[in-house]
Amino acid sequence: MAVLLEVTGLVKRFGGLAAVDGVSFAVAEGSIHAVIGPNGAGKSTLFRLLTGFHTPTAGTIRFAGRDIAGLAPHRIARLGLAQSFQITTIFPKLSVREQVIFALIAQSTASWRMLSGFPRLGGHRDVMAEAEALLAEVGLTEVAERRAETISHGDQRALDVALALATRPRLLLLDEPTAGMSPFETERTVTMIQRLAGARRLTVLFSEHDMDVVFGISERITVIHRGRVIAEGDAASVQADPEVAEVYLGSAA
Ligand SMILES: Nc1ncnc2c1ncn2[C@@H]1O[C@H](COP(=O)(O)OP(=O)(O)O)[C@@H](O)[C@H]1O
Ligand SMILES: [Mg+2]
């Protein structure tokens, strides 16, 4: 399978601390790939490097054949690499449906695709239909009329994903999408990720600190600890890795 994202020798230093310390891995197009590691391992720093919110100290990031290391976040997003942010509270008074509609309009305008059609009726209808489809895809149809600030934590995270999908990404990045969720919400989120990846032929790279969450759905798992890759492979090989077991037992103690 073709490689969509390739990270080589990536380093990010904060003063004396190398939060990401020479990380290399590749994400195959169309795959679900997990980055796991205990809290403080460097997952969020790695993801911020990929989306342009941090500039690498060293290393390269190739996305769809282009070197994107150090590009501004909006340029990286425009190339098709989207991160779901926890931003549903920026406009807490808007309904869930309105947020999705605004995200779709912003994307359409940015890409000039709909500029001639919107706000004329034809373009308008397209946006409405697309919003309904997106809401259904992430399981928010029933709460679409509600203000974002009043829906459950799990639904707010699903809305984050919908807003990221509105940019029509090739690669969707989810940094700990199940953080703070109940077991029920976690299960729902994992099922949603799997469904989206299948239906949209989307490549998904997500991080997680709980190993059990990733094993069922990830084709490939990269394990990081103290900014370094300590293991990589499918669920079975990562589960059988003694160093991984040690890191997780150690951090749980
Ligand atoms: N902006 C920053 N400045 C200084 N240190 C940071 C910054 N961001 C993260 N760190 C440190 O880098 C390490 C990795 O953090 P992070 O990437 O958030 O890990 P994770 O997401 O795996 O929990 C931690 O020791 C954290 O304190
Ligand atoms: Mg984190």
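This text goes with the structure placed above it.
Residues numbered from 1 in each chain as written. Chains lettered and ligands numbered in written order. Predicted model: local features only at pLDDT ≥ 70, side-chain atom pairs only at ≥ 80, totals over all residues. Heavy atoms only, no water.

This part is about the side chain of Ser95. Here Ser95 lies in the loop between strand E6 (81-83) and helix H3 (96-111). With relative accessibility at 10%, the residue Ser95 sits in the buried group. Discounting residues that sit within four places of it in the chain, Ser95 has contacts with Ala144, Glu145, Arg146 and Arg147. (Helix = DSSP H or I, 4+ residues; strand = E, 2+ residues; numbered from the N terminus. Buried < 20%, exposed > 50% of the residue type's maximum accessible area, 1.4 Å probe, protein only. Contact = heavy atoms within 4.5 Å.)

Before going further, it helps to examine the pairing of strand E10 (residues 228-233). In terms of strand pairing, strand E9 (residues 220-225) meets E10 through five bridges, oriented antiparallel. Paired with Val223 across the two strands is Ala231, which belongs to E10. Hairpin connection of E9 to E10: two residues between the antiparallel strands, including Arg226 at a positive phi of 50°. (Pairing = 2+ DSSP bridges.)

Moving on to the site of ligand 1. All residues adjacent to ligand 1 are Phe14, Leu17, Ala19, Pro38, Asn39, Gly40, Ala41, Gly42, Lys43, Ser44 and Thr45. The contact in question runs from an oxygen atom of ligand 1 to an N or O atom on the backbone of Gly40, over 2.7 Å. Between an oxygen atom of ligand 1 and a main-chain N or O atom of Ala41, the distance comes to 3.2 Å. In isolation ligand 1 offers 560 Å² of accessible surface; the protein chains occlude 61% of this area. Of all the elements in the fold, those that place two or more residues in the shell around ligand 1 are strand E2 (17-28) and helix H1 (43-50). The leading source of residues in the shell around ligand 1 is H1, at three residues. (Near = heavy atom within 4 Å. Polar contact = N/O pair within 3.5 Å; in protein donor to acceptor, adjacent residues only side chain to side chain. Areas by Shrake-Rupley, 256 points an atom, 1.4 Å probe, with all protein chains shown as cover.)

What follows deals with the environment of His225. One can find His225 in strand E9. C-alpha separation for the pair His225 and Lys43, spaced 182 residues apart in sequence, amounts to 9.0 Å. Ignoring anything within four residues of it in the chain, the contact list for His225 reads Pro38, Ala41, Ile230 and Val247.

It is characteristic of soluble globular proteins that their nonpolar side chains tend to be buried jointly. Within the largest apolar cluster, 52 residues are counted, with the highest numbers of intra-cluster contacts made by Val100 and Ile221. In terms of residue count, helix H5 (residues 153-165) provides more of this core than any other element does, seven residues in total. Here this core spans two domains, since at least three of its residues come from each of domain 1 (1-80 + 170-183 + 197-253) and domain 2 (82-168). Sequence-distant contacts of Val100, that is, excluding residues within four places in its chain, are made with Ala131, Leu134, Leu135, Leu159, Ala162 and Leu163. (Core = buried A, V, L, I, M, F, W, Y, C linked by side-chain atoms within 4.5 Å. Domains from an automatic or database assignment.)

Let us look at the sheet that holds E9. Read from one edge to the other, the open sheet built from six strands follows the order E6-E7-E8-E3-E9-E10, with strand pairing classed as mixed. The strands lining the two open edges of the sheet, one partner per strand, are E6 and E10. On average, each strand axis in the sheet is inclined to that of its neighbour by 20°, with strand direction left out of account. Relative to E9, strand E3 (residues 32-36) runs parallel, the two being bridged by four bridges. (Axes fitted to C-alpha atoms, helices over the stretch in contact; angles between N-to-C directions.)

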